[in-house]
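Observations on the model geometry
Letter by letter, the chains look like this.
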Amino acid sequence: MIRILPLFVALLLLASPAFAGKDKVLDVKVLKSSTGVEAWLVEDHSVPVISMNFSFEGGLVFDFEDKPGVGHLVSILLDEGAEKMKSQEFQTKLSDNAISMSFTAGRDAFYGRVQTLSKNKDTAFDLLRMALNAPRFDQDAVDRMKAANVSEIQTNMGDPGWLVARTFNGMLFEGHYYSRPGFGNLDSMSTITRKDLLQFIKEQFGRNVLKVAVAGDITPDEVKATLDKIFGTLPEKAGSVELPATTPGYPGKTILLPLDAPQTYIIAGGQGLRRDDKDWHASVIMNYILGGGSFNARLMKEIREKRGLTYGVYSALTNMRSADIIQANMSASNEKVEEAVRLLKESWAEMAKDGPTADELADAKSYLTGSLLLQLTSTSDISGAMNDIQRDGLGPEYINQRNSLINAVTMSDMKRVSAKVLQADKLAIILVGKPKNMNVDILLDRPPGMDLPRNEKQ
Amino acid sequence: MQQLFRVFFTCFLCLAALPAEAKTFNAETFTLENGLQVVVIENHRAPVVTHMVWYKFGAADEKQGESGVAHFLEHLLFKGTTKVPDGQFSTTVKKMGGVDNAFTSHDYTAYYQNVPRASLPKVMEMEADRMNNLVLREEQIASEREVIIEERRQRIDNTPQAKFQEQLMSALFVNHPYSTPIIGWLHEMKELTRDEVLSYYNTWYAPNNAILVVSGDVTTAELKPLAEKYYGALAVREVPRRDRPRPAPIVAEHQIIMQDPRIGQPVTMKNYRVRHGSEAMEVLAQILGGTSTSRLYRSLVIEQKIAVEAGADYDAIAMDDTTFAVYANPAPGSNIQQVQAAIDKEIRTLIDKGVTLEELNGAKNRLEASFTYYRDSLQGPATLFGRVLASGMNIDWVENRVERIHKLTIDDINDAIDAVFQSSDLPVTGVMLPQIKPPPGKGDKGEKK
């Protein structure tokens, strides 16, 4: 016994509690509080920090069609005073205790994130409880945050990267709630009332749509008690809404929003696969080979490395509750746009026709499986990744199974998926800039959902 | 007596909280025979490592007229060696499940890979290889030159705010290379040649001019033989001293104004050229404008409602002088002059009355906590040590920072107030304003083609 003990201690020191060894990537505990709130926990006491990520399903669907930006205003107002604490008092408490707390009104969910030193956890979680259960929405704070948001909108209206994303979402999801401008617009900022903000949280914050993930220096019992305090008194159910599915609009069309700048920003987008499609992991591999971040991805090789037409070109898959897209983003000097877009479509078509090479497939699997751990090196990485998996409707075992699902993809899967997803002639092309020699089908005079910029109104 | 007791009591607490050897990261360091300094920051949370090589050379060490060459070379180091041909560096890293990239600043050039720990020897071998054996063909130079020009267009020329920042730095650092943008001036970037690039490579890339920083699941004992094997074989090479011209005095107060139709929100900022490495100035920036409870935000945004945003900023890590910036975004209906006067009034109050103990302690808490958050990441501490060492400061400067911050007194902050705001170098004020567009002329909007 005496000889075994030191060995045992040594093993404990070597194996970090968060990473459970070779077979398991993360040791996730699923906890349920006495009021029935569930949370996933990865316990890790190596640094005195705790991260919590949570989300309420909903997001843009609870925003108001005639006055967008209500959810976004709520997200920047929750830490501006709650219960008896006014804005400055609340903010002082956060900053004196070095607590970082933020909220985001996203497309499909309302997100929250808290990071605290473990010694300040009681204060951090109590502030969060107050923010969610009893935000004040004092008039002066509402006015101040509206003014800050108007300022942000006006800055964004001159930013080509923001404009191209806004145009992409506004056009491809035209008529669907996904087309709503999340930040709102100048008109909506002048009409949204305190009542609207209260209406939004009433509909959005229901325990039936809540997912919570915690990582770091905290024990399961502490988490359970915390869950009850923060979320236990929220309404049991969120508002019920219809979530009509949609597919990306304007296939094959080129849409231009003119902007006087030396470069044009470009997004090409088309239909992707559902998250629960049996070929989804194959589409992840396909995206990596096409343009998923490597210097040797096909798009990067053709458009940047060989010809210097762009600083960077990246493709991405986005799975939403009601839509799925694949898109590629880049920017190029106005005179190079035509060639860059042509090459992008050619790369799309070539991969659709032949699929990847055997080497590409092997390299992609090797990267995607090997890099999993690199995405989980901080407590906030871990709690964020867990919250994503929860939102995808998968179990805590997914993170440990994910690599074998990637490795199981075959060349014939790849060919089938590439042919199905990469339809070059169905891509919608969104341009913001002054491109030369482009055939444009639709010319816009403003980004969809936005008022004209203030400069042009005057 | 009560006052005295309180001071004593506080100090007693701080001693208790910080044992004598209160090092934040417990980094270990050794130097190879060829002069390469190695820093190891252990973090065994996951079986991965960050491997970084930092060169003590950046854009501020370029020859006049060759702006952008340091950053251009950083791109070209991915173009291959005799052993690892074009594109194979990143391909190899990716195959091992890693990510890699590089970056350039005025004071340093750095390359990094984040990889599973088993791949550490391979990335060390490849990184050591490209310190000496770069092969560059003329056509690689030509296509990559187009890439950096597109990078400049994307990051700078497409953004009025970034173009404005370039002008501001030019005025603030007269006669000093920080006045030249890291990415280079467009007209000089277009003319960078293969010879110029190779001349920089041969001048500056040497083991005795580099720092190896590894953070993650590795011990010093494990790393040392690997460092000796891969980097120890590289020959020492004489490198020039970084003798940079000193900035000229600023004896006239500048105001730089940019008007652009794409600026939607006016901004005014007052920039002071100050010394680097001052924790007191970091605390001062916190108190004046670090959070939404700071003096500027409280006064301009909450109380007077003449601004929608206000703050202050100081970056301590630089080789030479750095910038202390104070800024505000005017609210609709208030004008730039009014906001500038309100900023000046806050600065005047600071000079006259200094800061309070409560403000000092709040700022200290936040800065100290930020180091605990740093320890929660893999690449964060490695980047911090790399920046500091490549900028000419040492390991203790990082390790003892929390302790130095902890010991700061009100007098220290008041000295910093004088050093920033009562300096003989006058500030440079920058103003960005929306420009009202003339009514669109014929064809100006672009017709459907």
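In case you missed it, the structure is sitting above this.
All figures in this text were calculated on a predicted structure; none of them were measured in a lab.

1. Notes on the overall build of chain B
Across its full length, chain B carries 17 helices and eleven strands. Computed over C-alpha atoms, the radius of gyration of chain B comes to 24 Å, within 12% of the 22 Å expected from 2.2 N^0.38 for 449 residues, which places it in the range of a compact globule. Taking all 449 residues of chain B together, the buried fraction comes to 47%. Once local pairs closer than 6 in sequence are excluded, the contacts in chain B between residues at least 24 apart make up 81%.

2. A word on the interface of chain B and chain A
Taken together, the contact between chain B and chain A spans 59 residues of the former and 61 residues of the latter. At the level of elements, α3 (88-95), β5 (109-116), α5 (138-157), α11 (295-303), β9 (307-314) and α13 (357-375) of chain B are the ones that each hand at least two residues to the side of chain B that touches chain A. Looking at the side of chain B that touches chain A, the element that brings in the most residues is α5 of chain B, giving nine residues. Broken down by class, the residue content of the side of chain B that touches chain A amounts to 20 nonpolar, 21 polar and 18 charged.

3. Some thoughts on the sheet that holds strand β3 (residues 49-57) of chain A
Residue and element names in this part refer to chain A. Spatially, the six strands line up as an open sheet ordered β1-β2-β8-β3-β7-β6, and their pairing is mixed. The outermost strands of the open sheet, each flanked by one partner alone, are β1 (29-32) and β6 (100-105). Taken pair by pair, the neighbouring strands of this sheet meet at an average axis angle of 15°, ignoring direction. Bridge analysis of β3 against strand β8 (residues 210-216) gives seven bridges, and the strand direction is antiparallel. Residue pairing for β8: F56 is matched across the bridge by L210.

4. Here's the deal with the packing of α5 of chain B against helix α6 (residues 160-172) of chain B
Residue and element names in this part refer to chain B. Look at α5 against α6: their axes get within 6 Å of each other, and the N-to-C directions meet at 90°. Taken together, the axes of α5 and α6 are roughly perpendicular relative to one another. Counted together, R155, I156 and D157 of α5 and A162, K163 and E166 of α6 form the full contact between these two elements. By residue class, the composition of the contact of α5 with α6 is two nonpolar, no polar and four charged.

5. Comments concerning α6 of chain B
Residues and elements named next belong to chain B. Taking 1.5 Å as the rise per residue, α6 with 13 residues should run 18 Å; its terminal C-alpha atoms sit 19 Å apart, in good agreement. Of the residues making up α6, those classed as buried are P160, F164, L168 and L172. Summarising the axial view, the buried residues of α6 lie within an arc of 100°, below the 170-degree limit, and thus occupy one face. For α6, the secondary structure elements touched by its buried residues are β7 (254-260), β8 (267-274), β10 (322-330) and β11 (428-434).

6. Looking at the pairing of strand β2 (residues 38-43) of chain A
Residue and element names in this part refer to chain A. Strand direction decides the pairing type here: β1 and β2, joined by four bridges, are antiparallel. By the bridge assignment for β2, V30 is matched with W40. Remark: five residues form the turn of the hairpin made by β1 and β2, two consecutive strands paired antiparallel; G36 in that turn has positive phi of roughly 90°. Of the strand pairs in this sheet, β2 and β8 are connected by five bridges, and their pairing is parallel. Across the sheet, W40 pairs through a bridge with A213, a residue of β8.

7. Quick look at the nonpolar core
The nonpolar side chains of a soluble globular protein tend to be buried with one another. Counting 255 residues, the largest nonpolar core has V214, I266 and I285 of chain A together with W54, L284 and F385 of chain B as the members making the most contacts within it. Once you skip the residues sitting within four places of it in the chain, F385 of chain B turns out to touch A27, V39, I41, V213, I395 and V398 of chain B.

8. Comments concerning helix α12 (residues 336-353) of chain B
All names here are of chain B. In this model, α12 (18 residues) spans 26 Å end to end at C-alpha, consistent with the 26 Å of a helix rising 1.5 Å per residue. The inward-facing, buried residues of α12 abut β8, α10 (279-289), α11, β9, β10 and α17 (410-421). Just downstream of α12, G354 is the residue with a positive phi angle, here 70°.

9. Focus: the environment of Q91 of chain A
Turning to its location among the elements, Q91 of chain A is positioned in helix α3 (residues 87-96). The exposure class of Q91 of chain A is buried, given the 21 C-beta atoms found within 10 Å. In this structure, the C-alpha to C-alpha distance between Q91 of chain A and L127 of chain A, residues 36 residues apart in sequence, is 10.0 Å. Setting aside anything within four residues of it in sequence, one finds Q91 of chain A in contact with D79 of chain A together with S292 and T293 of chain B.

10. What to know about the sheet that holds strand β10 (residues 263-271) of chain A
Residue and element names in this part refer to chain A. An order of β11-β12-β10-β13-β9-β14 is seen for the six strands of this open sheet, with the pairing classed as mixed. Edge positions in the sheet fall to β11 (313-319) and β14 (442-443), since each of these pairs with one other strand and no more. Two strands pair when backbone bridges link them, and β11 and strand β12 (residues 324-333) are joined in this way by seven bridges, in the antiparallel orientation. What sits directly across from A316, in β12, is Q327. In the packing of helix α10 (residues 280-291) onto the sheet, the strands contacted are β11 and β12, and the crossing angle to β11 comes to about 160°.

11. Remarks on the environment of I50 of chain A
Residue and element names in this part refer to chain A. Along the chain, the position of I50 falls in strand β3. When the 27 C-beta atoms within 10 Å are taken as the criterion, I50 is described as buried. For the pair formed by I50 and E350, sequence separation is 300 residues and the distance between their alpha carbons is 47 Å. In contact with I50, not counting residues within four places along its chain, are T116, S118, K121, V214, G216, D217, I218 and T379.

What counts and how
Residues numbered from 1 in each chain as written. Chains lettered and ligands numbered in written order. Predicted model: local features only at pLDDT ≥ 70, side-chain atom pairs only at ≥ 80, totals over all residues. Helix = DSSP H or I, 4+ residues; strand = E, 2+ residues; numbered from the N terminus. Rg over C-alpha atoms; globule rule 2.2 N^0.38 Å. Buried ≥ 20, exposed ≤ 12 C-beta atoms within 10 Å, placed from the backbone. Contact = placed C-beta atoms within 7 Å. Nonpolar A, V, L, I, M, F, W, Y, C, P; charged D, E, K, R; others polar. Pairing = 2+ DSSP bridges. Axes fitted to C-alpha atoms, helices over the stretch in contact; angles between N-to-C directions. Parallel < 35°, antiparallel > 145°, perpendicular 65-115°, else oblique. Expected span 1.5 Å × (residues − 1). Arc of directions from axis to C-beta. Core = buried A, V, L, I, M, F, W, Y, C linked by C-beta atoms within 7 Å.

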